[in-house]
There are 2 protein chains.
Amino acid sequence: MDSESFKECGKTVVNYIADYMDNIRDRPVLSTVEPGYLYKLVPPQAPVKGEDWKTVLSDVEKIIMPGITHWNSPQFHAFFPTGNSYASIVGDMLCNGLGCIGFSWITSPACTELEVQVMNWFGKMLGLPKEFLNESEGPGGGVLQGSASEATFVCLLAAKDRTTKRVKSLNPNMDINEIKAKLVAYTSDQSNSSVEKAGLLGSMPMRLLKANDDGQMTGPILAKAIAEDMANGLIPCYVVATLGTTGTCAFDRLEELGPICNENNIWLHVDAAYAGAAFVLPEYRHLMAGVHYVDSFDVNLHKWLLVNFDCSAMWVKDATHMVDAFNVNRVYLKHDYQSTDPQLPDYRHWQIPLGRRFRALKMWFVLRLYGVEGLQAHIKKQVKLAKLFGKFVNDDSRFEVVTPVTMGLVCFRLKGDNEPTRDLYESLMRRGRVYMVTATVQSQLVIRFVVCSRLTEIRDVEFAWNEIREQADKITDTVTTAVTGNVDITIASTITKTGGITDVWNEEEEHVVVKSLTHG
Amino acid sequence: MDSESFKECGKTVVNYIADYMDNIRDRPVLSTVEPGYLYKLVPPQAPVKGEDWKTVLSDVEKIIMPGITHWNSPQFHAFFPTGNSYASIVGDMLCNGLGCIGFSWITSPACTELEVQVMNWFGKMLGLPKEFLNESEGPGGGVLQGSASEATFVCLLAAKDRTTKRVKSLNPNMDINEIKAKLVAYTSDQSNSSVEKAGLLGSMPMRLLKANDDGQMTGPILAKAIAEDMANGLIPCYVVATLGTTGTCAFDRLEELGPICNENNIWLHVDAAYAGAAFVLPEYRHLMAGVHYVDSFDVNLHKWLLVNFDCSAMWVKDATHMVDAFNVNRVYLKHDYQSTDPQLPDYRHWQIPLGRRFRALKMWFVLRLYGVEGLQAHIKKQVKLAKLFGKFVNDDSRFEVVTPVTMGLVCFRLKGDNEPTRDLYESLMRRGRVYMVTATVQSQLVIRFVVCSRLTEIRDVEFAWNEIREQADKITDTVTTAVTGNVDITIASTITKTGGITDVWNEEEEHVVVKSLTHG
C-alpha cells in the first residue's frame, strides 16, 4: 500500500469507525455465531499474491463483524467498561504512524518524557500523595503498564526483592532460596483473578482471605492471617488491596490495612483498576483514605477513562526495588543506566517486556481533548445512570438490589432462591439484546449491571430495564409496564468547543429523580 | 470529540502520517534534544477545560517530533527493525474502533478465531511442523504475545510446571518447593537480555553459557553444563536457543541441542524474534533444522514482517502445560474453560495479562495486503541491501566485516585496535545523520549496521556508507570518494494492484553486483 492508497483507505476506515459508533445500537450487542464460524469463511492458507484493501475491508463487515461482541454498545453492561474514545483512537493512530519503541531515553526522548509528564498530570488529578509522582524529589514515580495484571505482578516481584534483601541483611546465614520459599502474599477472595495469577507467575503463595459480609478485606482479617503465618515461620511479603472489587465494587479498608503492612514491612499494592478512575472527583477520595500507607497504586485508564486498551497507570513510592529486581544490565551495560534520575526513568526496567509502545500519546490526547472537567463529567454521568437503573430495580417489588449501587455497578436479583434469577439471566443471554454477567454474593446469584459504554444514555438504561422486566414477567407470570421517557433527569446538552463532551449533566442535579414508574 | 470532528481530525491525521512517511528523510534520524526538554514545553498540570484537537495536533509537531528518534527512517540502522506499514496501521485503527477485549471466546468470537487462523497461516508460511498448528489434532497451537520477552517467560513457567509435576510423580516424597529450588535454565551469553530477565521474573537461575567463536550455543556446550548441574543435584528444566542473536545474528545449533533436551526432558524454546521472519523464504529454512525437537517457537511480526508493535507469534507443541500453569479458574469457573478444544483456545490462559487487544486484525491486514510473495520480496530486498553495504565495507581496505553478513545485519569495524572504531562511532552519533549501535565480538568493538526501515533503498545505503566513509577519512587521515549511483542492481519497479509492494527485486538477480567503486 503506497501513501496515496493509504490516504484513501485510511479515510475510508475513519468513516467506517464513525459510522460504526453512530449506528452501534442497530447491532445486537452479543455475537450470535456458532463456535468455529470463522474457519468456514477464512481459507486455511494466507494468499500468495497481495489483495486489494477494498476486498479486505469488505471482509471486515462480512467475516469479522458477525463475531464481534460490541463492548462499546450502550447495551453492553458486562464486566467493567473498556475505554474507547475518538481522542484515544487518533492518539494511537499517531503512535502507530511514528512506530517508535521507547525502551530507553535515547530511543525516543519524547516517549519517556511525555509518559513522565502525563503520569504527573494524572497522579495530581487523582489526588495521590506527591511521593508517587516523578516530579517529587524522592525515588517514586509513575509508569504505564499494559494491564493491572502486569502491575500486580511487577510489584510482587519488587516486593520479593525488597523482602529477600531485608531478611538476608538481618539473617546473613539464611539461604536466599530458603527465604524466598517462606514468602507469602495476601489478598481477599473478592480480588480479581489476575491477583491470584500474579502469585502463580511469581512463585509466591497468594492467600485469598475471606472478605467480610460487605466484600471488604479489613485490618483484623489481614492481621489474623499474618499472625498465623508468622507463627508457622513464614515471611509475610505482599498485600494486594482492591478498591472496587470486580464482583460488587467493594472497597478494602486501606486505613486499617496500611498500618499493619507498614509495621510488618509488607509491600502494600492497591488494585483500583476500575474504581480508581472516580478519584478524579474529589467527593470520592474518602474511599482511598489511607493511600499514604501504600507502596504502589494502579488504575486503568483503559477501563473507565476513555483511553483504549492497553493503558494501565501504576505508581510506586520507591522505584529502586523494581529496577533492582528487573535490571539485567547491572554489570555489562552500566553506562546506559539512567534510572537514578527520577525525571528520566529507564522504563524498560519498570516492566516485563523490553519493547514498549508510545502509549502516553493516546493518554495525552484524551486528557487534553476532554480536560479534567470532561472526564469528571463522564464519571458523574455514568454513576447517575447506574443510580437510575438501581431506582428501576428498587421500584419493582419482585427484585432486590443486593449491594449498594456503587460507581457504575448495580448487583440485582429476583427475590427468593437463585433459580428464577438464573432463568432470567439465561433467557436474557439467549435473546442477546443486553449483555451482563453474573456473580455470587454470600451464595446468592446476582446479575451485574454495569454502565459501560461512553455512548450510554437514559434511553439505553430504559431499554435494558424494559428487556429485563419483560423477561421477568414471563418467569414470574406477571404483567408490568414499560418505562419510557418518563424520567426527569436534567441534562444540560452542552457541546463544548472541542466536541470533547456532548452531554454534560447539570451540576446542580445531584440525585436521580424518577417522576413516575408503573410496575405490575 | 463527536463523529463529525473525528472524521475531520482522523483524516487530518491520516494525511499527517502519509506526509511523515513520504518526507521522513528530511528529519534527522536521531533526536538531538537535551534531557528534560519536554518538561519545559508541557505544563505540569492537565488542562481543566477540554482543548481543540487542532491545538493538540499542532503540538505534536512542536513538542513531540523534536524528541522522536525515527525508527522508520531509512537512516535508522540500530538494534533490529520495528515493523511498520500502512496495512498494519489501518488494521490497528479498526482494532481500536471496535475496542473489544477478547479474553475468552464469548467476549468476541472473531478475536479468538481470527487469531487461530492467522497463526495457522503464518506457521505454514514459515514451514513449521504441523504439531505446532492449532488446526492439528494434538494439543499444540499458536498465540499472539506482546513481545518475545513475554513468550520466553510464559514458556519458562510452562516448563517449570511440567518439570515440577514430572519430578514429583517420580519422587512423591519430594517437596514441591524443594523441586522448584533445584530447577535451572540455560541460554547462551549471546541471547537477548530478555532471556536473562525471564529467569529473574520466574525465579529460575538462567545460566548464560559461553558461545563458541561463531556466537553459537552448541550441543557439547549445553551437554557439559547439564552434566555439571546434574552432578550437583540440580534439575535442568528449560533451554532458550536463539536463531539470530542480537549481537551478530548467529544461529544456535538446534539439531545438536534438540536431542539433548528431548533425552533429558528439558523444555526447548526457540527465540527467533528477528531472523525467524526469513523462514518465509524456503532457502533459509536450513537454519532452523532441528525445529521438530522444539517445544516452543517465537518470532516477532513486529520486527521484520511489517506489523506494528506489538505482535509476537508464539507456538507450543503442547499447550496444556501453559494452561495448567496459568489457569487460576480451575475450581470455580470450570464451566468456562474451553481450552481442551485446540480450535477454540481460551487465550487468557496462554498469556500473562487477562485483557487482550484484537492484534490478529493488523496481522490479517498485513498478510492479505502483502501476500506471501510480498513479504518474501520484502525480506529478500533487505538482505540484498545488507549485502550491498557489506560490499562497500569490504571494498575499503581500512575496514573489515567481522562476522559473515547475515540477514539484514553487517558487523564491521576499522581494522586494528578498538579506539579508531570507537572514535568513528562517537563521531557518527554526534552528527546524528545515521543511527547504529555497537556490539562486542570476541573483545573487538564492532558497529552493527542493520537494514531496518521498509523505506530503505540503495540510495540510503549509499548515504549511510558515504557518511561512515567521510568520518573515517577524518580519523584515518585519508581521502576517499563517494559512492553514488554507480551500483548496478536490477530492480523491477513493479507496482502491484494492491499497492502492497512498490519495489520488487528481480527474481533472477540473486547476488548484489557492484559495477565500480572507488576508494582512496
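Residues numbered from 1 in each chain as written. Chains lettered and ligands numbered in written order. Predicted model: local features only at pLDDT ≥ 70, side-chain atom pairs only at ≥ 80, totals over all residues. Heavy atoms only, no water.

Residue and element names in this part refer to chain A. Considering every residue of chain A, the mean pLDDT works out to 90; 90% of them sit at 70 or more. Per-residue pLDDT stays below 50 along residues 330-339; that stretch engages in 17 contacts with residues further than four places along the chain or on separate chains. The model gives residues 489-520 a pLDDT under 50, and that stretch makes 73 contacts with residues more than four places away or in other chains. (pLDDT = per-residue confidence, 0-100. Contact = heavy atoms within 4.5 Å.)

Take empty space enclosed by the protein next. Within the structure shown, the criterion is met by seven cavities of 30 Å³ or more. Of the voids in this model, the largest cavity is the one considered here, and its volume is about 180 Å³. Taken together, 21 residues make up the lining of the largest cavity; nearest its centre are A:Glu150, A:Asp310, A:Arg359, B:Glu150 and B:Asp310. Residues of the lining of the largest cavity, tallied by class, amount to four nonpolar, seven polar and ten charged. When its volume is computed, the second largest cavity comes out at roughly 100 Å³. Residue lining of the second largest cavity: 16 residues in total, with B:Asn72, B:Thr82, B:Asn84, B:Cys452 and B:Arg454 positioned closest to the centre. Contributions of two or more residues to the lining of the second largest cavity are made by α10 (301-304) and α12 (360-394) of chain B. When the residues that make up the lining of the second largest cavity are grouped by side-chain class, the tally is seven nonpolar, seven polar and two charged. In terms of domain composition, the lining of the second largest cavity takes at least three residues from each of domain 1 (100-358) and domain 2 (372-505) of chain B. (1 Å grid on protein atoms, 1.4 Å probe; cavity = no way out; pocket = protein on both sides within 12 Å on 5 of 7 lines; lining within 4 Å. Points joined across faces, edges and corners; volume = space filled by probe spheres on them. Nonpolar A, V, L, I, M, F, W, Y, C, P; charged D, E, K, R; others polar. Helix = DSSP H or I, 4+ residues; strand = E, 2+ residues; numbered from the N terminus. Domains from an automatic or database assignment.)

What follows concerns the interface of chain A and chain B. Taken together, the 136 residues of chain A in the interface contact 135 residues of chain B. Taken together, the links from chain A to chain B amount to ten salt bridges. Note that A:Glu51 and B:Arg368 form a salt bridge whose closest N and O atoms lie 2.8 Å from each other. Inspection of the chain A/chain B interface yields 64 residue pairs in polar contact (both at pLDDT 80 or more). Per-element accounting of the side of chain A that touches chain B gives the leading share, 16 residues, to helix α1 (residues 3-22) of chain A. Each residue belonging to the side of chain A that touches chain B can be placed in one class, and the counts come to 74 nonpolar, 36 polar and 26 charged. (Salt bridge = Lys/Arg side-chain N within 4 Å of Asp/Glu carboxyl O. Polar contact = N/O pair within 3.5 Å; in protein donor to acceptor, adjacent residues only side chain to side chain.)

All names here are of chain A. Applying the stated criterion to the full structure yields 62 salt bridges over all chains. When the shortest N-O distance is used, the salt bridge between Arg-357 and Asp-92 registers 3.3 Å. A residue pair is termed long-range when its members are at least 10 positions apart, and Arg-357 in the loop between α11 (320-326) and α12 (360-394) and Asp-92 in helix α3 (residues 86-98) qualify at 265 residues. In the salt-bridge network here, residues are joined through shared partners; they are Asp-396, Arg-398, Arg-469, Glu-470 and Asp-473.

Right, let's get into the UniProt feature "modified residue: N6-(pyridoxal phosphate)lysine" (unreviewed entry) in chain A. Residue and element names in this part refer to chain A. In the numbering used here, UniProt assigns the "modified residue: N6-(pyridoxal phosphate)lysine" (unreviewed entry) feature to Lys-303. Position of Lys-303 among the secondary structure elements: in helix α10 (residues 301-304). Apart from residues lying up to four places away in sequence, Lys-303 is in contact with Phe-80, Pro-81, Thr-82, Gly-83, Ala-273 and Tyr-274. (UniProt positions renumbered as here; feature names shortened; annotations may be inferred.)

Turning our attention to a negative patch on the surface. All names here are of chain A. Negative charge collects at one region of the surface, where Asp-417, Glu-419, Asp-423 and Glu-426 lie side by side. Assignment of secondary structure puts Asp-423 in helix α13 (residues 418-431). By relative accessible area, Asp-423 is classed as partly exposed at 34%. (Patch = residues over 30% accessible without salt bridge, like charges linked within 9 Å, V, L, I, M, F, W, Y side chains within 5 Å. Areas by Shrake-Rupley, 256 points an atom, 1.4 Å probe, with all protein chains shown as cover. Lys, Arg positive; Asp, Glu negative; His and termini not counted. Charge placed at Lys NZ, Arg CZ, Asp CG, Glu CD. Buried < 20%, exposed > 50% of the residue type's maximum accessible area, 1.4 Å probe, protein only.)

Next up on the list: the packing of helix α3 (residues 86-98) of chain B against α12(B). Residues and elements named next belong to chain B. Direction vectors running N to C along α3 and α12 enclose 150°, while the axes themselves pass 7 Å from each other. The angle between the axes of α3 and α12 places the two elements in the roughly antiparallel class. For the crossing formed where α3 meets α12, the hand is right-handed. Here Ala-87, Ser-88, Val-90, Gly-91, Asp-92, Leu-94, Cys-95 and Leu-98 of α3 come into contact with α12, specifically with Leu-361, Lys-362, Phe-365, Val-366, Leu-369 and Tyr-370. Taken together, the residues of the contact of α3 with α12 sort by class into ten nonpolar, two polar and two charged. (Axes fitted to C-alpha atoms, helices over the stretch in contact; angles between N-to-C directions. Parallel < 35°, antiparallel > 145°, perpendicular 65-115°, else oblique. Left-handed = near helix turned anticlockwise from the far one by under 90°.)

Turning to the sheet that holds strand β2 (residues 183-188) of chain B, a few remarks are in order. Residues and elements named next belong to chain B. Sheet architecture is open: seven strands sit in the order β1-β7-β6-β5-β4-β2-β3, paired in mixed fashion. Sheet topology places β1 (141-145) and β3 (206-209) at the edges, where each strand pairs with a single neighbour. Adjacent strand axes in the sheet meet at a mean angle of 20° when their direction is disregarded. Here five bridges tie β1 to strand β7 (residues 312-316), and the two strands are oriented antiparallel to one another. Across the sheet, the residue bridging to Val-143 is Met-314, located in β7. Contacts from helix α5 (residues 148-170) reach β1, β2, β3, β4 (235-242), β5 (267-271), β6 (296-300) and β7, with the element oriented near 155° to β4. (Pairing = 2+ DSSP bridges.)

Turning to the environment of B:His302, a few remarks are in order. Residues and elements named next belong to chain B. As for its placement among the helices and strands, His-302 is situated in helix α10. Placed 279 residues apart in sequence, His-302 and Asn-23 show a C-alpha to C-alpha distance of 23 Å. When residues no more than four places from it in sequence are discounted, the contact partners of His-302 are Pro-81, Thr-82, Gly-83, Gly-146, Ser-147, Val-307, Asn-308, Phe-309, Asp-310, Cys-311 and Ser-312. Looking at His-302, its side chain comes within polar contact range of the main-chain nitrogen of Cys-311, at 2.8 Å.

To continue, consider the domain arrangement of chain A. You'll often see interface size given as the accessible area lost when the parts meet. Residue and element names in this part refer to chain A. As assigned here, chain A comprises domain 1 (3-93), domain 2 (100-358) and domain 3 (372-505). With centres defined by C-alpha atoms, the gap from domain 1 to domain 3 works out at 27 Å. When domain 1 packs against domain 3, close to 1800 Å² is buried across both sides, 60% of that on carbon and sulfur atoms. Looking at the side of domain 1 facing domain 3, the largest losses of area belong to Arg-25, Leu-30 and His-77, adding up to 36% of the total buried there. There are one salt bridge connecting domain 1 and domain 3. The shortest N-O distance in the salt bridge between Arg-25 and Asp-460 comes to 2.7 Å. Where domain 1 meets domain 3, there are ten residue pairs in polar contact (both at pLDDT 80 or more). Class assignment of the residues belonging to the side of domain 1 that touches domain 3 gives a composition of twelve nonpolar, seven polar and one charged. (Buried area = accessible area lost by both parts, 1.4 Å probe.)

Ranked by size, the top nonpolar core spans 370 residues in total, and within it A:Ile64, A:Phe297, A:Phe358, B:Ile64, B:Phe297 and B:Phe358 carry the most contacts. With residues near it in sequence (within four places) discarded, B:Phe358 still touches A:Ile64, A:Ile68, B:Cys95, B:Leu98, B:Cys100, B:Ala110, B:Cys111 and B:Leu114. (Core = buried A, V, L, I, M, F, W, Y, C linked by side-chain atoms within 4.5 Å.)

Moving on, we get to the side chain of A:His378. Note that A:His378 resides in helix α12. Look past the residues within four positions of A:His378 in its chain and what remains in contact with it is A:Trp304, A:Leu306 and A:Arg454.

Look at the link from A:Phe309 to A:Asp310: it is a cis peptide, with omega at 5°. Tracing the chain through its elements places A:Asp310 in the loop between α10 and β7 (312-316). With a phi close to 50°, B:Ser203 is a non-glycine residue in the positive phi region. By secondary structure assignment, the location of B:Ser203 is in the loop between α7 (193-201) and β3.

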